[in-house]
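Coordinate analysis (summary)
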Amino acid sequence: MGTIIQGRVTNNLEWVTSYKLQYSTDRISWTTYAGSDGSEMVFPGNVNKHIPVTNLLNNSVDARYVRFVIQSWINRIAMRVEIVGCNTTEVPPACPHLLGMESGAIPDDSIIASSIFGPEYDPSLGRLNHVGGTWAAKYNAIGQWLQVDLGEMKRVMGTIIQGRGKDHSQWVTSYKLQYSTDRVIWTTYAGSDGSEMVFPGNVDMSTPVTNLLHNPVDARHVRLVVQSWYGHVVMRVEIVGCNTTAVLPACPNQLGMESGAIPDGSITASSFYGPNDVPYYGRLNRIKDGAWSAWIAKYNIIGQWLQVDLGEMKRVTGTIIQGRVSSIAQWVTSYKLQYSTDRISWTTYTDSDGSEMGFPGNIDMSIPVTNLLNNPVDARYVRFVVQSWVGDIAMRAEIVGCNTSRL
């Protein structure tokens, strides 16, 4: 029904002289209170630091969340407030709601990124309204991304993003949205014309921007892929949605390179450049240790390989590869795939015409490229055999598949 505001008790003159009022039932969709002519209403504020100023609404609103949006002030923005109202029979909507980035319900290790500027810009800091930092990419490049594992299948209905805050003019101005049930097959959200949709981003460092999906999607994994930015690629985000009855597929899934389920000793290579480029650094999405984030071959020659022991027989249904996170362009552009049950007899995967198949590789350092097999194979050992590359042979990889007993 109204608001009351005061300035700051201090020797200095510090108070808000005018503000707008926004309200919401769910922290997702916000409405700015409007006057009788439909225009956004600007409320008068304080004239000194002590005397409270009360503004009652001509048309009361039902809301759970209220936001004071500053329009003008004396010397420094400072405010003490009260909300005026009473109980209502209105019930907040069950869906959509915030899925856990801001609240912390989504754990830190469920948030990863294409790169990080340093330990103080970890992906886990990329939470909506987080005041202790933000995720910042190491490189200002189209295709940098922040990825969130929701923990289970959810009905994803939108996203909210913010810039860095803290007096830094850094934010993302546009992005695409990718989603997946299994981290293997990713879909880019498309508009009504079927083209990949580019969502508008921030215009300042702090104001959240909400983009709701016209056609919600069922997913467990969500990735915000940066298209443009101001100052530096930085982002604080929330995923909007609700529960769903959709079920995660049993197969395929990632077989353990990224998660660490495959131990370091099970990853070998034809050669490696040095102690900071060892085979077990060749794990999908590895960004620890800064630039030392991939397997790098000692020699740039066709036939160098990265080999993985899956520990037991698996149904291999595909592969995922990435380049090296570095200021230098280093990635594999094509490779062949070999597999074995015993490390003695090796078979090169072939196309429908019986010829050895060359798989397309990366086009940059960070975006994963997935190649699913038309005819899955049963194997314990898998070998990526490099055919072409940019800069130097560098690779991070994952094997896709499932247990053979399930099939």
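See the structure printed just above.
Residues numbered from 1 in each chain as written. Predicted model: local features only at pLDDT ≥ 70, side-chain atom pairs only at ≥ 80, totals over all residues. Heavy atoms only, no water.

This next bit is on the overall build of the protein chain. Of regular secondary structure, the protein chain possesses zero helices and 25 strands. Considering only C-alpha atoms, the protein chain reaches an extent of 85 × 45 × 35 Å along its principal axes. When each of the 407 residues of the protein chain is scored for burial, the buried share is 49%. Sequence-distant contacts, at least 24 apart, represent 77% of the contacts inside the protein chain between residues at least 6 apart. In the structure as shown, the protein chain presents an accessible area of about 19000 Å², 50% of it carried by carbon and sulfur atoms. Computed over 32 positive and 35 negative side-chain charges, the separation of the two mean positions in the protein chain equals 5 Å. (Helix = DSSP H or I, 4+ residues; strand = E, 2+ residues; numbered from the N terminus. Buried < 20%, exposed > 50% of the residue type's maximum accessible area, 1.4 Å probe, protein only. Contact = heavy atoms within 4.5 Å. Areas by Shrake-Rupley, 256 points an atom, 1.4 Å probe, with all protein chains shown as cover. Lys, Arg positive; Asp, Glu negative; His and termini not counted. Charge placed at Lys NZ, Arg CZ, Asp CG, Glu CD.)

Attention shifts here to the sheet that holds strand 1 (residues 2-6). The strand order across the open sheet built from three strands is 5-1-7, with neighbouring strands paired in antiparallel fashion. Each having just a single partner strand, strand 5 (53-56) and strand 7 (80-84) make up the two edges of the open sheet. Across this sheet, the average inter-strand angle for adjacent strands is 15°, counted without regard to direction. By the bridge criterion, four bridges tie strand 1 to strand 5 in an arrangement that is antiparallel. (Pairing = 2+ DSSP bridges. Axes fitted to C-alpha atoms, helices over the stretch in contact; angles between N-to-C directions.)

Below, the discussion takes up the pairing of strand 11 (residues 145-162). When a strand is regular, its side chains alternate between the sheet's two faces. Counting buried positions over the 18 residues of strand 11 gives 14, a clear majority of the element. Here strand 11 pairs with strand 15 (residues 209-230) via 12 bridges, running antiparallel. Bridge assignment links Gly-158 to a residue of strand 15, and that residue is Leu-212. Direction of pairing for strand 11 relative to strand 16 (residues 234-243): antiparallel, over a ladder of eight bridges. Paired with Ile-160 across the two strands is Glu-238, which belongs to strand 16.

Here the structure, examined in full by the defined rule, presents 15 salt bridges. Of the charged contacts, one joins Asp-264 and Arg-283 as a salt bridge, the two residues approaching to 2.8 Å between their closest N and O atoms. Within this pair, whereas Asp-264 is found in the loop between strand 17 (253-254) and strand 18 (267-269), its partner Arg-283 is found in the loop between strand 18 and strand 19 (295-296), the two being separated by 19 residues in sequence. Arg-283 gets classed as buried once you look at its relative accessible area, which sits at 10%. Taking the shortest distance from any N to any O, the salt bridge between Asp-378 and Arg-315 comes out at 2.4 Å. Taken together, the positions of Asp-378 in strand 24 (residues 369-390) and Arg-315 in strand 20 (residues 305-322) put the pair 63 residues apart, joining distant regions of the chain. Since its relative accessible area comes to 33%, Asp-378 is described here as partly exposed. For Arg-315, a relative accessible area of 22% gives the class partly exposed. Taken together, the shared-partner salt bridges in this structure form one network comprising Arg-8, Glu-14 and Arg-76. (Salt bridge = Lys/Arg side-chain N within 4 Å of Asp/Glu carboxyl O.)

This paragraph deals with the packing of aromatic side chains. The way to describe two aromatic rings as a pair is by their centre distance and the angle between their planes. All chains considered together, the criterion is met by 11 aromatic pairs. An angle of 20° between the planes, with centres 5.5 Å apart, marks the rings of Tyr-19 and Phe-43 as stacked. Within this pair, whereas Tyr-19 is found in strand 2 (residues 15-24), its partner Phe-43 is found in strand 4 (residues 43-44), the two being separated by 24 residues in sequence. Classification of Tyr-19 as buried rests on a relative accessible area of 0%. Consider the rings of Tyr-335 and Phe-384, whose centres lie 5.7 Å apart with planes at 50°: the pair is tilted. You can see Tyr-335 sitting in strand 21 (residues 331-340) and its partner Phe-384 sitting in strand 24, a full 49 residues away along the chain. The pair formed by Tyr-335 and Phe-384 is uniform in burial state, with each residue classed as buried. (Phe/Tyr/Trp six-rings, centres within 6.5 Å; stacked < 30°, edge-to-face > 60°.)

Soluble globular proteins: nonpolar side chains tend toward being buried together. In terms of nonpolar packing, the biggest core is built from 34 residues, with Trp-135, Leu-150, Val-156, Leu-224 and Met-235 touching the most fellow members. Listing elements by their share of this core, those giving two or more residues are strand 9 (111-113), strand 11, strand 12 (171-180), strand 15 and strand 16. For this core, the leading source of residues is strand 15, giving six residues. Leaving out residues up to four positions away in the same chain, Leu-224 has contacts with Gln-144, Trp-145, Leu-146, Thr-159, Ile-161, Tyr-175, Lys-176, Leu-177, Met-235, Val-237 and Ile-239. Core analysis: the second largest hydrophobic core is formed by 28 residues, Val-332, Leu-337, Phe-384 and Ile-393 among them. (Core = buried A, V, L, I, M, F, W, Y, C linked by side-chain atoms within 4.5 Å.)

Our next topic: the environment of Val-233. Relative to the elements of secondary structure, Val-233 occurs in the loop between strand 15 and strand 16. The class of Val-233 is buried, set by a relative accessible area of 0%. Separated by 201 residues in the primary sequence, Val-233 and Thr-32 have C-alpha atoms spaced 29 Å apart. When near neighbours in sequence (up to four residues on either side) are disregarded, Val-233 contacts Trp-135, Ala-136, Ala-137, Tyr-139, Asn-140, Ala-141, Gln-144, Val-172 and Val-226.

Next up on the list: the environment of Asn-11. Along the chain, the position of Asn-11 falls in the loop between strand 1 and strand 2. According to the relative accessible area criterion, Asn-11 is exposed, its value standing at 79%.

Before going further, it helps to spend a moment on unusual backbone geometry. Even without glycine at this site, Asn-129 takes up a positive phi of about 65°. Considering the arrangement of structural elements, one finds Asn-129 in the loop between strand 9 and strand 10 (135-136). Judged by its relative accessible area of 35%, Asn-129 falls in the partly exposed class. Residue Arg-183 is not a glycine yet carries a positive backbone phi of 65°. Among the structural elements, Arg-183 can be located in the loop between strand 12 and strand 13 (187-188).

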